[in-house]
Amino acid sequence: EYDRSHAAFHKIIETEPDSPFGYLFEAGGIWWQSSMEYGLFKDTPTLQGVFEKDIDTALKKVDALEASKDPQTSADGHFVEGMTAGTKGQWEIMRGQWVKAYFTGKRAMKHLNKCLKIDKDYYDADLGVGAFNYQASHFGKFLKVVAVVGGIHGDEKKGLELMELAAEKGHYGARQAAQFLATIYISDRHDYAKALPLIQRLRQDFPESPYFEFIEAMLQYRLGHWDESLKLGREIFDRSSGDPKSLNQKLLGLTCGLTGDQCLAKGDVEHGLEWFSKAVDAAPAAKATHSKKAAAE
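Residues numbered from 1 in each chain as written. Predicted model: local features only at pLDDT ≥ 70, side-chain atom pairs only at ≥ 80, totals over all residues. Heavy atoms only, no water.

Undergrad: An account of the packing of helix α8 (residues 123–136) against helix α11 (residues 174–188) is requested, with residue identities and associated values reported.
TA: Contact geometry of α8 with α11 gives a least axis separation of 9 Å together with a crossing angle of 20°. Put simply, α8 runs roughly parallel to α11. α11 is crossed by α8, and the crossing has left-handed handedness. When α8 is examined against α11, the residues Asp124, Leu127, Ala131, Tyr134 and Gln135 are found in contact with a partner set consisting of Ala174, Gln176, Ala177, Phe180, Ile184 and Asp188. Class assignment of the residues belonging to the contact of α8 with α11 gives a composition of 7 nonpolar, 2 polar and 2 charged. (Axes fitted to C-alpha atoms, helices over the stretch in contact; angles between N-to-C directions. Helix = DSSP H or I, 4+ residues; strand = E, 2+ residues; numbered from the N terminus. Parallel < 35°, antiparallel > 145°, perpendicular 65-115°, else oblique. Left-handed = near helix turned anticlockwise from the far one by under 90°. Contact = heavy atoms within 4.5 Å. Nonpolar A, V, L, I, M, F, W, Y, C, P; charged D, E, K, R; others polar.)

Undergrad: Kindly report on the pattern of salt bridges, identifying the contributing residues and their values.
TA: For the structure on display, the rule yields 9 salt bridges. We note a salt bridge from Asp205 to Arg175, for which the minimum N-O separation is 3.3 Å. Of the two residues, Asp205 sits in helix α12 (residues 192–205) while Arg175 sits in helix α11, which places them 30 residues apart along the sequence. Bridged by salt links that share partners, the residues Arg203, Glu213, Glu216 and Arg239 form one connected network. (Salt bridge = Lys/Arg side-chain N within 4 Å of Asp/Glu carboxyl O.)

Undergrad: Give me the nonpolar core: which residues, what numbers.
TA: One finds Phe79, Tyr122, Met163 and Leu219 to be the most contacted residues of the largest nonpolar core, which totals 56 residues. Of the residues forming this core, the biggest block, 8 residues, is contributed by α11. Those residues in contact with Tyr122, other than ones at most four positions away along the chain, are Phe21, Gln72, Ala75, Asp76, Phe79, Cys115, Leu116 and Tyr172. The next biggest cluster of nonpolar side chains, apart from the first, holds 6 residues, and it includes Tyr221, Trp226, Leu230 and Trp275. (Core = buried A, V, L, I, M, F, W, Y, C linked by side-chain atoms within 4.5 Å. Buried < 20%, exposed > 50% of the residue type's maximum accessible area, 1.4 Å probe, protein only.)

Undergrad: Outline the side chain of Ser34, listing residues and values.
TA: Here Ser34 shows up in helix α2 (residues 20–36). A distance of 2.7 Å separates a polar atom in the side chain of Ser34 from the backbone oxygen of Trp31. (Polar contact = N/O pair within 3.5 Å; in protein donor to acceptor, adjacent residues only side chain to side chain.)

Undergrad: Got a sec to walk through empty space enclosed by the protein? Specific residues and values, please.
TA: Rolled over the atoms, a probe as big as a water molecule pinpoints where empty space is left. A complete count under the given rule lists 1 cavity of 30 Å³ or more for this structure. Put simply, the largest cavity is a space of about 30 Å³. Gln179, Ala182, Thr183, Ile186, Ile199, Tyr211, Ile215 and Leu258 are the residues that line the largest cavity. For the lining of the largest cavity, the elements supplying multiple residues, two or more each, are α11 and α13 (210–222). The element best represented in the lining of the largest cavity is α11, accounting for 4 residues. Per-class residue counts for the lining of the largest cavity are 6 nonpolar, 2 polar and no charged. (1 Å grid on protein atoms, 1.4 Å probe; cavity = no way out; pocket = protein on both sides within 12 Å on 5 of 7 lines; lining within 4 Å. Points joined across faces, edges and corners; volume = space filled by probe spheres on them.)

Undergrad: Please provide a residue-by-residue account of the environment of Val62, values included.
TA: Within the secondary structure, Val62 is located in the loop between α4 (45–61) and α5 (63–66). Between the C-alpha atom of Val62 and that of Pro20, which follows or precedes it by 42 residues, the distance is 6.1 Å. With residues near it in sequence (within four places) discarded, Val62 still touches Pro20, Gly77, Val80 and Glu81.

Undergrad: I'd like a description of the environment of Lys157, backed by residues and values.
TA: Position of Lys157 among the secondary structure elements: in helix α10 (residues 156–169). Taking relative accessible area as the criterion, Lys157 reaches 59% and is therefore assigned exposed.

Undergrad: Break down the packing of aromatic side chains for me, with residues and values.
TA: Centre distance and the angle of the planes are the two values used to describe a pair of aromatic rings. Here the structure, examined in full by the defined rule, presents 15 aromatic pairs. Considering the side-chain rings of Phe21 and Phe25, the 5.8 Å spacing of their centres and the 50° angle between planes classify their relative orientation as tilted. With Phe21 and Phe25 both in helix α2, this residue pair falls 4 residues apart, about one helical turn. Ring geometry for Trp31 versus Trp32: centroids 5.2 Å apart, planes at 70°, classification edge-to-face. In this structure Trp31 comes out as buried when scored by relative accessible area, which is 7%. (Phe/Tyr/Trp six-rings, centres within 6.5 Å; stacked < 30°, edge-to-face > 60°.)

Here's what the structure looks like:
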């Protein structure tokens, strides 16, 4: 519900214009939408402008928090600067600007580690540190050399563990961490068994969302649980029949949210065709037709 989330985040900015949190949250919401709806910034350049302004404003407003003598306030400041830089880095990765993303990520790591040094139980910071560790472990050869020279060593295992911790114990970003992890397990690692409990947890948090139900239907299918996948598919169909708009506004995210510029690639289309063919064969009308044909023969 992107429009509603933009409005809610912007209300925080209007209510607390001097707090960097609202700007971070609004920028994070826009980045998340752009990651789910490939090409969004090309179609709506004004949204990119809002994103860039939010990033700049958040980074300007963290100084007062970081300089506070209150440890919790200072930790909040370093958290906001780290996550804001991290969000900017994710946007640069999405645009293929890997060198920029590395240096932006290094800034993010500096402040997130300061946050954790002040408060080791600031689990939301683990999301940013974990994401950078995971992505740094997948840098190309050139950037890996740059990263090592810069004192940063990507650690895939550590990255996943920290994101798991953020998903379990985080305050602001627990659900974001869960979805980020699920995307990694689905798209990068093809470990559908690891992704399933994360998506099921998100389904419990958002029972009205067809998105997570759709993703679980796909995961159940990839794991060979056909009956469960078909049941979920029928629930989505029944819901969309009663309220088409509830699903139509999410179609781009449903079809391309996990694949980006590889949306509707051959493999995905083949799996989709296979699923629908089995679903049609399993439908009552299809069974009745087969029975009549068998009787006639």
